[in-house]
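Secondary and tertiary structure notes
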Amino acid sequence: RNESVTVEHERAAAAAVPGPLDKGCSLRRSLRLPASAAAEGMKRPLGRRHGLWFRLRKLLLWLLGMYIAIPFLVKLCPAIQAKLVFLNFVRVPYFIDLKRPQDQGLNHTCNYYLQPEEDVTIGVWHTVPAALWKSARGKDQLWFEEALGSSHPVILYLHGNAGTRGGDHRVELYKVLSSLGYHVVTFDYRGWGDSIGSPSERGMTYDALHVFDWIKARSGDNPVYIWGHSLGTGVATNLVRRLCERETPPDALILESPFTNIREEARSHPFSIYRYFPGFDWFFLDPITTSGIKFANDENVKYISCSLLILHAEDDPVVPFHLGKKLYNIAATSRSFRDYKVQFVPFHTDLGYRHKYIYRSPELPRILR
């Protein structure tokens, strides 16, 4: 019995003091995670993936909610749609002083301010023909006004939405027209650039009428042409229709990248992501009409009696080419143009003139002649 007790005692002591191998095994056993901890570690990446998917799904639902809510917001507040049509709050290029056209390379240009109505002031640029560049250096506003009476035709340029009269492509067109021997008078509608007032179709048309009358009072018998671009074509046809109704039409009307009317343009605009939205007309187009915005070129041309030239690039991404062609077809068959020339000049896609680079065409001088 004593021997058996001793043997048991020795075995117990040996078990209590592990050898090198036993020490390593016991260390591994002590480092081994419990079953619950291992399961928790496996769940952690799954939980991260689940959290990421949850956040992504939440973002998608939020975007879907916004996509559905915006039409109702536009319907309830038509002023939003008017802002999107005018884009007068987008002033590009930024940080330019419109009082200093020479900063844009227009050393032969004078800046004016006219007042079409009380509480409305519009900024105007007058660029003289290239033949008068040297004479124009250092001259004041009075000299520029008197220069309109020189034997050079005048173009009143009506720009499109967004930006100002100092936009890059607009400045380049002034230079081209000046080199061809034209006076170029352009301005920012009320609410654009440094012009004071709130934008509206009626106000824009009245501003253009005021500037036209101001030119005619100084230009004598020199020809005066009206050139409208993009949204400016809507202002141009509004203006010329009024001029023809009062029997003082311009010598010609030039429409660059025109549309038929603002509803068709909004429906065809490439940025109109809601065009296939159920009730698109009711949600988006009716608020434009409610805001008093029509720019009905297709109706106006039926009452215009002067020569008409339409310029449109086939690759225009803003105003689709087919709208310009459709407007030409309406004008060409209108009785008001039976005694006047109506011409449509397309520019092939390969030329890359898109919406605002027709001024680069080497054929432009010949076309205008």
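Reading the values: rules and limits
Residues numbered from 1 in each chain as written. Predicted model: local features only at pLDDT ≥ 70, side-chain atom pairs only at ≥ 80, totals over all residues. Heavy atoms only, no water. Helix = DSSP H or I, 4+ residues; strand = E, 2+ residues; numbered from the N terminus. Buried < 20%, exposed > 50% of the residue type's maximum accessible area, 1.4 Å probe, protein only. Areas by Shrake-Rupley, 256 points an atom, 1.4 Å probe, with all protein chains shown as cover. 1 Å grid on protein atoms, 1.4 Å probe; cavity = no way out; pocket = protein on both sides within 12 Å on 5 of 7 lines; lining within 4 Å. Points joined across faces, edges and corners; volume = space filled by probe spheres on them. Nonpolar A, V, L, I, M, F, W, Y, C, P; charged D, E, K, R; others polar. Expected span 1.5 Å × (residues − 1). Polar contact = N/O pair within 3.5 Å; in protein donor to acceptor, adjacent residues only side chain to side chain. Contact = heavy atoms within 4.5 Å. Salt bridge = Lys/Arg side-chain N within 4 Å of Asp/Glu carboxyl O. Pairing = 2+ DSSP bridges. Axes fitted to C-alpha atoms, helices over the stretch in contact; angles between N-to-C directions.

Observations concerning the overall build of the chain
A tally of regular secondary structure across the chain gives 14 helices and eight strands. Taking all 369 residues of the chain together, 44% fall into the buried category. If you sum the accessible surface of the chain, you get close to 19800 Å²; carbon and sulfur atoms cover 57% of it.

What about empty space enclosed by the protein?
Where empty space is left becomes clear once a probe the size of a water molecule has been rolled over the atoms. For the structure shown, the criterion picks out one cavity of 30 Å³ or more. For the largest cavity, the calculated volume is near 30 Å³. As for the largest cavity, its lining consists of Y157, H169, L173, H229, E256, K356 and Y359. Residue classes in the lining of the largest cavity are distributed as three nonpolar, two polar and two charged.

What about the layout of surface pockets?
Approximately 340 Å³ is the volume found for the second largest pocket. Surrounding the second largest pocket, 14 residues form its lining, A252, L309, I367, L368 and R369 being those nearest its centre. For the lining of the second largest pocket, the secondary-structure elements that each account for two or more residues are β6 (252-256), β7 (307-313) and α14 (364-368).

As for helix α9 (residues 231-245)
Residue pairs spaced three or four apart in an α-helix point in one direction, given the helix's 3.6 residues per turn. With 15 residues, α9 extends 22 Å from end C-alpha to end C-alpha; this agrees with the ideal 21 Å at 1.5 Å per step. With 12 of 15 residues buried, α9 is to be regarded as a mostly interior element. Among the residues of α9, L231, G232, T233, G234, V235, A236, T237, N238, L239, V240, L243 and C244 are the ones counted as buried. At the C-terminal side of α9, E247 shows a positive phi close to 65°.

Looking at the side chain of H355
Turning to its location among the elements, H355 is positioned in the loop between β8 (342-347) and α14. A distance of 3.0 Å separates a polar atom in the side chain of H355 from a polar atom in the side chain of S230. Not counting residues up to four positions away in its chain, the partners in contact with H355 are H229, S230, E256, S257, D316, P317, V318 and V319.

Describing the side chain of S195
Structurally, S195 is set in the loop between β4 (183-187) and α8 (201-219). A distance of 2.7 Å separates a polar atom in the side chain of S195 from the backbone oxygen of D188. The contacts of S195, once residues within four sequence positions are left out, are T121, I122, G123, D188, Y189 and R190.

So, the pattern of salt bridges
Summed over the entire model, instances satisfying the criterion amount to 13 salt bridges. With a shortest N-O distance of 2.7 Å, R190 and E117 are connected by a salt bridge. With a gap of 73 residues between them, R190 in the loop between β4 and α8 and E117 in strand β1 (residues 109-117) connect regions that are remote in the sequence. On the basis of relative accessibility, which here comes to 4%, the residue R190 falls in the buried class. Linking R165 and D194 is a salt bridge whose minimum nitrogen-to-oxygen distance equals 2.8 Å. Linking R165 in the loop between β3 (154-158) and α7 (168-179) with D194 in the loop between β4 and α8, this pair joins segments that are 29 residues apart in sequence. Each of E117, R190, R202 and D207 takes part in a single network of salt bridges with overlapping partners.

Describing the sheet that holds β4
Spatial ordering of the open sheet is given by β1-β2-β4-β3-β5-β6-β7-β8, a layout of eight strands whose pairing is mixed. Both edges of this open sheet fall to β1 and β8, since each of them pairs with a single strand only. This sheet shows a mean twist of 20° between the axes of neighbouring strands, independent of strand direction. Summarising the sheet, β3 and strand β5 (residues 224-229) pair through five bridges and their orientation is parallel. Within β5, the position partnered with Y157 by the bridge is W227. The sheet contacts of α8 involve β1, β2 (120-127), β3, β4 and β5, and relative to β1 the element is tilted by about 120°.

Observations concerning the pairing of β4
Across the five residues that make up β4, a large majority, five, are buried. Along β4, one buried face is formed by H183, V185 and F187 and the opposite face, lined by V184 and T186, is buried too. In this structure, β2 lies alongside β4, joined through four bridges in antiparallel fashion. Looking at the pairing, W125 lines up with T186 of β4. The pairing of β3 with β4 spans four bridges and is classified as parallel.

So yeah, pure geometry; function would need other evidence.
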